[in-house]
Amino acid sequence: EHAAVLSGWGGKLELLQLIGKEGLRDVIYNHNGNATLIQKDSSPGAVLSPFSNRVANGTYTWNRKTHYLKRNSANNAMHGFLIGGQPMEVAQISADDSHAAVTLSYTFGGEEGYPYNVSLELTYTLDSNGLAVKGKAENIMTDRSAPFMLGLHPYFKVKDVSQTVVTFDQCSKWNHIDVTPAPDLIPIGTTTPVKGPFDGSAPIGGNITHPTPYDDGFKAISSRRHCPKLTTKIKDDQDVLKLWMDDSFRFLQIYTGAPDKGIAVEPQAGETDCWNNKDSVIALQAGEIWEGSFGFSIEAL
């Protein structure tokens, strides 16, 4: 089994291969090591931090000060600073017969619209259970709080998105997050209970070149105590690919707009635009540390 993480490109998860029904398979879409494609197509496998998804109008107010982020998606700022290819430092590497792990580090501070010093460590661990990703963020300032967010943008590589069955963890009930019309897609403060197809009752739908369109956010609404771990299943004709999240990650974004890559199922630690709407926003107080984990595994049919 194999995983490739690009420290020189914001910690991007570029490759993940696990053993399924027919042997070793790609779990996520990759660029076959082509640096030009990686630069042109930065979102697959990208680490999304210190904000994930959209910040409305690239504007937010924190500590009674209004800040302006660079707008890079319609009227909004999107997906943070690492997606642009900022290099992360390799802090630690370990390996033995049962696992391989790498820890990458980066310190935010000075980016346009983000006057906060927050250090981020990402530890990728590959073992017989699959791949685990642990994030650790610390506000290294002494005089003020800082907003933070972490997510990932993997495309699960399936043969036909339209025939793929996605099942949210049944421990929790889920709500669909209602948003403004495209292209902004900013939450409006209301949600709708999820039924099909994400209860596993039906595939995504559409056809192989035009699956049913989704660019939608979802929220687990059961308590963290009741459901401390959530596992989403992505089932194609061979295997069940799994994305698990610990209790620091309660949101998912589903995107079907690039069927040649697969279906994006994105773990997120907070809601879209949470720096404004404050839904699960991570407010790191001076010196405070936040940790959260998610990961990938496979189950052969």
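Preceding block: the structure.
Fair warning: this is a prediction, and the values are worked out from it, not measured in the lab.

Chemist: Go over the overall build of the chain, please, and point to the residues and values.
Modeler: When helices and strands are tallied, the chain shows 2 helices and 25 strands. By the compact-globule yardstick of 19 Å for 301 residues, the chain fits well, its C-alpha radius of gyration being 18 Å. Judged by the C-alpha coordinates and their principal axes, the chain covers about 55 × 45 × 40 Å. Taking all 301 residues of the chain together, 54% fall into the buried category. In the chain, once contacts between residues fewer than 6 apart in sequence are set aside, the share between residues at least 24 apart is 67%. Carbon and sulfur atoms form 48% of the exposed surface of the chain, whose accessible area is close to 13,100 Å². Mean positive and mean negative side-chain charge positions of the chain (26 and 34 charges, respectively) differ by 4 Å.

Chemist: Account for the state of the cysteines, naming residues and giving values.
Modeler: Counted by the stated rule, this structure contains 1 disulfide. What pairs with C171 in a disulfide is C227, and their sulfur atoms sit 2.1 Å apart. Linking C171 and C227, the disulfide has an S-S dihedral of approximately -95° and is accordingly described as left-handed. Placement of C171 in the loop between β16 (165-167) and β17 (174-179) and of C227 in the loop between β19 (215-220) and β20 (230-235) is noted, with a sequence separation of 56 residues between them. Overall, the relative accessible area of 33% leaves C171 in the partly exposed class.

Chemist: Before we move on, can you summarise the pattern of salt bridges with the specific residues and values?
Modeler: Using the criterion set out here, one finds 10 salt bridges in the structure. Where D41 meets K261, a salt bridge forms, and the shortest distance between an N and an O atom there is 3.7 Å. Here D41 is found in the loop between α1 (35-40) and β4 (46-48), whereas its partner K261 is found in the loop between β22 (251-255) and β23 (263-268), with 220 residues between them in sequence. Comparing D41 with K261 shows no difference in burial state: the two are buried.

Chemist: So what's going on with the nonpolar core? Which residues, and what values?
Modeler: Y124, F148, I263 and F296 are the most contacted members of the largest nonpolar core, which has 66 residues in total. Looking at which element gives the most residues to this core, the answer is strand β11 (residues 118-127), with 5 residues.

Chemist: Which residues make up empty space enclosed by the protein, and what values do they have?
Modeler: A complete count under the given rule lists 3 cavities of 30 Å³ or more for this structure. Its boundaries defined by the atoms lining it, the largest cavity holds a volume of some 90 Å³. In terms of lining residues, the largest cavity is bounded by N53, R54, I177, V179, L185, P187, D215, D216, G217, Q253, E271 and T272. Mapped onto the lining of the largest cavity, the elements with two or more residues apiece are β17 and β19. Split by residue class, the lining of the largest cavity holds 4 nonpolar, 4 polar and 4 charged. Of all elements in the fold, only β5 (54-55) and α2 (274-277) reach the threshold of two or more residues within the lining of the second largest cavity. For the lining of the second largest cavity, the class distribution of residues is 5 nonpolar, 1 polar and 3 charged.

Chemist: Which residues make up the packing of aromatic side chains, and what are the values?
Modeler: Tallying each qualifying case throughout the model produces 20 aromatic pairs. Consider the rings of F148 and W290, whose centres lie 5.7 Å apart with planes at 55°: the pair is tilted. A residue pair is termed long-range when its members are at least 10 positions apart, and F148 in strand β13 (residues 146-148) and W290 in strand β25 (residues 289-300) qualify at 142 residues. The same class applies to F148 and to W290, which are both buried. Aromatic pair F156 and F296: ring centres 5.8 Å apart, planes at 45°, arrangement tilted.

About the cut-offs
Residues numbered from 1 in each chain as written. Predicted model: local features only at pLDDT ≥ 70, side-chain atom pairs only at ≥ 80, totals over all residues. Heavy atoms only, no water. Helix = DSSP H or I, 4+ residues; strand = E, 2+ residues; numbered from the N terminus. Rg over C-alpha atoms; globule rule 2.2 N^0.38 Å. Buried < 20%, exposed > 50% of the residue type's maximum accessible area, 1.4 Å probe, protein only. Contact = heavy atoms within 4.5 Å. Areas by Shrake-Rupley, 256 points an atom, 1.4 Å probe, with all protein chains shown as cover. Lys, Arg positive; Asp, Glu negative; His and termini not counted. Charge placed at Lys NZ, Arg CZ, Asp CG, Glu CD. Disulfide = S-S within 2.5 Å. Salt bridge = Lys/Arg side-chain N within 4 Å of Asp/Glu carboxyl O. Core = buried A, V, L, I, M, F, W, Y, C linked by side-chain atoms within 4.5 Å. 1 Å grid on protein atoms, 1.4 Å probe; cavity = no way out; pocket = protein on both sides within 12 Å on 5 of 7 lines; lining within 4 Å. Points joined across faces, edges and corners; volume = space filled by probe spheres on them. Nonpolar A, V, L, I, M, F, W, Y, C, P; charged D, E, K, R; others polar. Phe/Tyr/Trp six-rings, centres within 6.5 Å; stacked < 30°, edge-to-face > 60°.

The values reported here are purely geometric and, on their own, carry no functional implication.
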